[in-house]
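Examination of the molecular architecture
The primary structure of each chain is shown beneath.
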Amino acid sequence: MDWTKKTSHPHFVAHFKSDFYFDGTDEASPFGNKAGADTLVALEEFFQDKEVEGISLSDFPRHIVESQLGMTYFPPKDMDSGSLAKLMEVSEADVWRSDQVVLATAFGQIKITGYIIPALKDMAHDALGRMKATNDLLGREDEFGYYDKMLYDLMTFEKTYVSVLPDLWCKRCQM
């Protein structure tokens, strides 16, 4: 798997400038953990396989977590600390893995295509919030501020499917 800038869409490289986005060994990066790396590979295959039907990008994280990882998928959502604590008591690994897969799918879509669908952007926002809250709850420190950086970078990224349609149309017109 090649996480370098050479294999990333120019929109991804231009906006996501921090080195950890291209580090396949940094556990906190979107692709540096096993779930993130495997999700990126599956996402690349998803975009290349024109025969894939029945799975949308917003359902892709659920598909990966349940079908490939054999875990329960927990859609990311904002929750109070008491509800999060109860959820983590019974399903910490599944919740954490669900959030990792959502992040890898969202950042992976941008890395591969140069844009993100709004539903996936919202899911990644909620996953980052839940991961940060989970770390706070469990006393883990985000010593490098990755979650805040990823959240800021994601929220300031403006290339959605709708925003790139004119570019896609023009490229097709030039063919």
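The preceding data block contains the structure.
Residues numbered from 1 in each chain as written. Predicted model: local features only at pLDDT ≥ 70, side-chain atom pairs only at ≥ 80, totals over all residues. Heavy atoms only, no water.

A short note on the overall build of the chain
Definition in use: Helix numbers and strand numbers start at the N terminus; a helix is a DSSP run of H or I with at least 4 residues, a strand a run of E with at least 2. Each residue gets one of three labels from its accessible area relative to the maximum for its type: buried under 20%, exposed over 50%, partly exposed in between, using a 1.4 Å probe on protein chains only. For the accessible areas, the method is Shrake-Rupley and the probe is 1.4 Å, while residue cover comes only from the protein chains on display.
On a plain count of helices and strands, the chain comes out with seven helices and zero strands. Shown N-terminal to C-terminal, the secondary structure of the chain runs as helices and strands in the order α-α-α-α-α-α-α. For the chain, with 175 residues in total, the buried portion stands at 42%. Accessible area for the chain stands at about 9,500 Å²; split by element, carbon and sulfur atoms hold 52% of it.

Remarks on the packing of aromatic side chains
Put simply, the test is: Any Phe, Tyr or Trp ring, taking Trp's six-membered ring, that has another such ring centre within 6.5 Å forms a pair; planes under 30 degrees apart are called stacked, those over 60 apart edge-to-face, and the others tilted. We call a charge positioned above a ring when the Lys NZ or Arg CZ atom is no farther than 6 Å from the ring centre and deviates by at most 35 degrees from the ring normal.
For the structure shown, the criterion picks out 11 aromatic pairs. An angle of 40 degrees between the planes, with centres 5.6 Å apart, marks the rings of Tyr21 and Phe107 as tilted. Of this pair, Tyr21 sits in the loop between α1 (10-15) and α2 (34-48) while Phe107 is found in helix α4 (residues 81-113), placing the two residues 86 residues apart along the sequence. Phe107 matches Tyr21 in its accessibility class, with the two residues each being buried. Three or more aromatic residues joined by ring pairs form one cluster here, namely Phe12, Phe16, Phe20, Tyr21, Phe22, Phe107, Tyr146 and Phe157. If you follow Arg140 out to its NZ or CZ, it ends over the ring of Trp96, 5.2 Å from the centre.

A short note on helix α6 (residues 146-156)
Note the threshold: For this quantity, the arc is that covered by the directions from the helix axis to the C-beta atoms. Residues count as neighbours in contact if any of their non-hydrogen atoms are within 4.5 Å of one another.
Along α6, the residues classified as buried are Tyr146, Tyr147, Met150, Asp153 and Leu154. Down the axis of α6, the buried set is contained in an arc of 135 degrees. They therefore lie on one face. Buried positions along α6 lie against α1, α4 and α5 (118-138).

Remarks on α5
Keep this limit in mind: Residue count minus one, scaled by 1.5 Å, sets the expected span of a helix.
The end-to-end C-alpha separation of α5 is 30 Å, in line with the 30 Å expected for 21 residues at 1.5 Å each. Those residues of α5 that fall on the buried side of the exposure criterion are Leu120, Lys121, Met123, Ala124, Ala127, Leu128, Arg130, Met131, Thr134 and Asn135. On the buried face of α5, the contacting elements are α3 (60-68), α4 and α6. A positive backbone phi angle near 75 degrees is found at Gly139, which sits one or two residues after α5.

Considering the nonpolar core
Under the convention used in this document: In this text, buried Ala, Val, Leu, Ile, Met, Phe, Trp, Tyr and Cys residues form a nonpolar core when linked through side-chain atoms within 4.5 Å.
If you look at the biggest cluster of nonpolar residues, it comprises 36 residues, and the most contacted ones within it are Phe12, Tyr21, Phe107 and Met150. Within the residue set of this core, elements represented by two or more residues are α2, α3, α4, α5 and α6. Per-element tally for this core: the top contributor is α4, with eight residues. By size, the runner-up hydrophobic cluster in this structure holds five residues, among which are Phe74, Leu84, Leu87 and Met88.

Some words on the pattern of salt bridges
Where we set the bar: Any Lys or Arg side-chain nitrogen found within 4 Å of a carboxyl oxygen on Asp or Glu counts as a salt bridge.
With the rule as written, the count across this model stands at six salt bridges. A salt bridge links Lys149 to Asp153, with the shortest nitrogen-to-oxygen separation between them at 3.1 Å. Remark: Asp153 and Lys149 occur in helix α6; sequence separation between them is four residues, near one turn of the helix.

Here's the deal with the packing of α5 against α6
Put simply, the rule is: To obtain an axis, a line is fitted to C-alpha atoms, over the contacting stretch when the element is a helix, and the angle between two such axes runs from 0 to 180 degrees between their N-to-C directions. To sort the angles, those under 35 degrees are grouped as roughly parallel, those over 145 as roughly antiparallel, those from 65 to 115 as roughly perpendicular, and the leftovers as oblique. We call a crossing left-handed when the near helix sits turned anticlockwise from the far one by less than a right angle, and right-handed when that turn is clockwise. We call Asp, Glu, Lys and Arg charged. Ala, Val, Leu, Ile, Met, Phe, Trp, Tyr, Cys and Pro are nonpolar, and the rest, Gly among them, are polar.
Packing of α5 against α6 brings their axes to within 10 Å, and their N-to-C directions diverge by 165 degrees. Between α5 and α6, the angle falls in the class roughly antiparallel. Regarding α5 and α6, the two cross each other, and that crossing is left-handed. Contact residues: α5 offers Lys121, Ala124, His125, Leu128, Met131, Lys132 and Asn135, while α6 offers Tyr147, Asp148, Met150, Leu151, Leu154 and Met155. Class assignment for the residues of the contact of α5 with α6 results in eight nonpolar, two polar and three charged.

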